[in-house]
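# Tertiary structure, described
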2 protein chains.
Amino acid sequence: MLDQTDRHILDELSRNSRLTMKELGEKVHLTGPAVSARVAKLEEQGVIEGYSIKVNHAKIGCLIHVFITVITQSTYHQPYLSFIKTQEQHIINHYKISGDGCYLLECTFPSNKELNDFLIALNEHANYKLSIVIDK
Amino acid sequence: MLDQTDRHILDELSRNSRLTMKELGEKVHLTGPAVSARVAKLEEQGVIEGYSIKVNHAKIGCLIHVFITVITQSTYHQPYLSFIKTQEQHIINHYKISGDGCYLLECTFPSNKELNDFLIALNEHANYKLSIVIDK
DNA sequence: CTGTTTCACTTTATTTATGAAAGGAGTTAA
DNA sequence: TTAACTCCTTTCATAAATAAAGTGAAACAG
């Protein structure tokens, strides 16, 4: 399905997705149109789901980065899920997991106050374990 | 430091970082060169750390997506950190955390076999708790 | 009030990249 | 051998990026 060149393309685009097709072509030893066709194919196949930027959260005022393991008390998760939908400004990722909890949340907050407010609100729907990111 | 237009730019580029400067300009009501200058500034300031792609790991043969909370037994973390460096093909993110463990690993594996091999090797340096991602 | 500086933006013109079309090389199968 | 297919390169018209020059508004000193 994917050959070595495709993997090389994914690797290069992961590092820098704003390369021009010409530059990308040089890196993987193809011409612009050839690499452009391969990238289009990878998009169609759903291998490339999208193009994004890495934002430094600290520099936009979100200094606190945490992972929250959520353990819902009730088997009925809907109130929790509805609550999460209202908190999109804080949530980077939300996973359903099997293991130590039901969900894993990755969030950022400008300060401990917002984190605390969030945890108080979350606690109405679920228990949690908090892990604060010190370094990446 | 960041005004409303900058936030709008970050928002649009998060959705699609391959927009042309002209298209991005239209979205935020600026001309191409103007928005290009702002993006360059955001890069210099370190707000934009890089441009990347979202890859569908399942489609490239990495079907298992896990989070591993690592609890090192010894206070000397170097052997663990050296081990992690040898496992880059599996590791998406690696965080130092405060809370329920010392580190949080986000990894993908083609199958349970590779995951098991990884856990056996990891267990020589640290204890762990495993959370398997069911859905995002 | 006037002149100067600064800043962010627009406009213009040149360079550069994109994307469509045509064609060639290698592979496979009839 | 020939046909069909895939994947690539080359070529060229179109579109975008970028550099440079110019505009206008705000801040500020004389």
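Below: a short report on this structure. Note that the structure is a prediction, hence the values are computed from the model and not measured.

Looking now at the side chain of A:T72. Residues and elements named next belong to chain A. Within the secondary structure layout, T72 lies in strand β2 (residues 64–72). At 2.9 Å, the side chain of T72 forms a polar contact with the side chain of H77. Ignoring sequence-local partners within four residues, the contact set of T72 consists of H77, Y80, C102, Y103, H125 and A126.

Below, the discussion takes up the protein's contact with DNA strand D. Residues in close proximity to DNA strand D include A:L30, A:T31, A:P33, A:A34, A:R38, A:K41, B:T20, B:M21, B:K22, B:P33 and B:S36, which together make up its full environment. Considering the 4 Å shell around the protein, atoms of DNA strand D inside it are sugar or phosphate in 78% of instances. For DNA strand D, a phosphate oxygen lies 3.1 Å from a polar atom in the backbone of B:K22. Listing elements by their share of the surface near DNA strand D, those giving two or more residues are α3 (32–44) of chain A together with α2 (21–28) and α3 (32–45) of chain B. A per-element tally of the surface near DNA strand D places α3(A) first, with four residues. A breakdown of the residues in the surface near DNA strand D according to their chemical character gives five nonpolar, three polar and three charged.

With respect to topology, eight strands assemble into a closed barrel ordered β2(A)-β4(A)-β3(A)-β5(B)-β2(B)-β4(B)-β3(B)-β5(A), the strand pairing being antiparallel. Averaged over all pairs of adjacent strands, the angle between strand axes in this sheet comes to 40 degrees, irrespective of strand direction.

Before going further, it helps to examine the packing of aromatic side chains. One pass over the structure, following the stated rule, counts nine aromatic pairs over all chains. Centroid distance B:F83 to B:F118: 5.7 Å. Interplanar angle 40 degrees. Geometry classified as tilted. Here the residue B:F83 occupies a position in helix α4 (residues 78–85), and B:F118 occupies one in helix α5 (residues 112–122), the gap between them amounting to 35 residues. The same class applies to B:F83 and to B:F118, which are both buried. Here a set of aromatic residues connected by ring pairs shows up, and it is made of A:F67, A:Y95, B:F67 and B:Y95. In this structure, A:R18 packs its charged tip against the face of B:Y51, placed 5.8 Å from the ring centre.

Quick notes on the rules
Residues numbered from 1 in each chain as written. Chains lettered and ligands numbered in written order. Predicted model: local features only at pLDDT ≥ 70, side-chain atom pairs only at ≥ 80, totals over all residues. Heavy atoms only, no water. Helix = DSSP H or I, 4+ residues; strand = E, 2+ residues; numbered from the N terminus. Polar contact = N/O pair within 3.5 Å; in protein donor to acceptor, adjacent residues only side chain to side chain. Contact = heavy atoms within 4.5 Å. Near = heavy atom within 4 Å. Nonpolar A, V, L, I, M, F, W, Y, C, P; charged D, E, K, R; others polar. Pairing = 2+ DSSP bridges. Axes fitted to C-alpha atoms, helices over the stretch in contact; angles between N-to-C directions. Phe/Tyr/Trp six-rings, centres within 6.5 Å; stacked < 30°, edge-to-face > 60°. Buried < 20%, exposed > 50% of the residue type's maximum accessible area, 1.4 Å probe, protein only. Lys NZ or Arg CZ within 6 Å of the ring centre and 35° of its normal.

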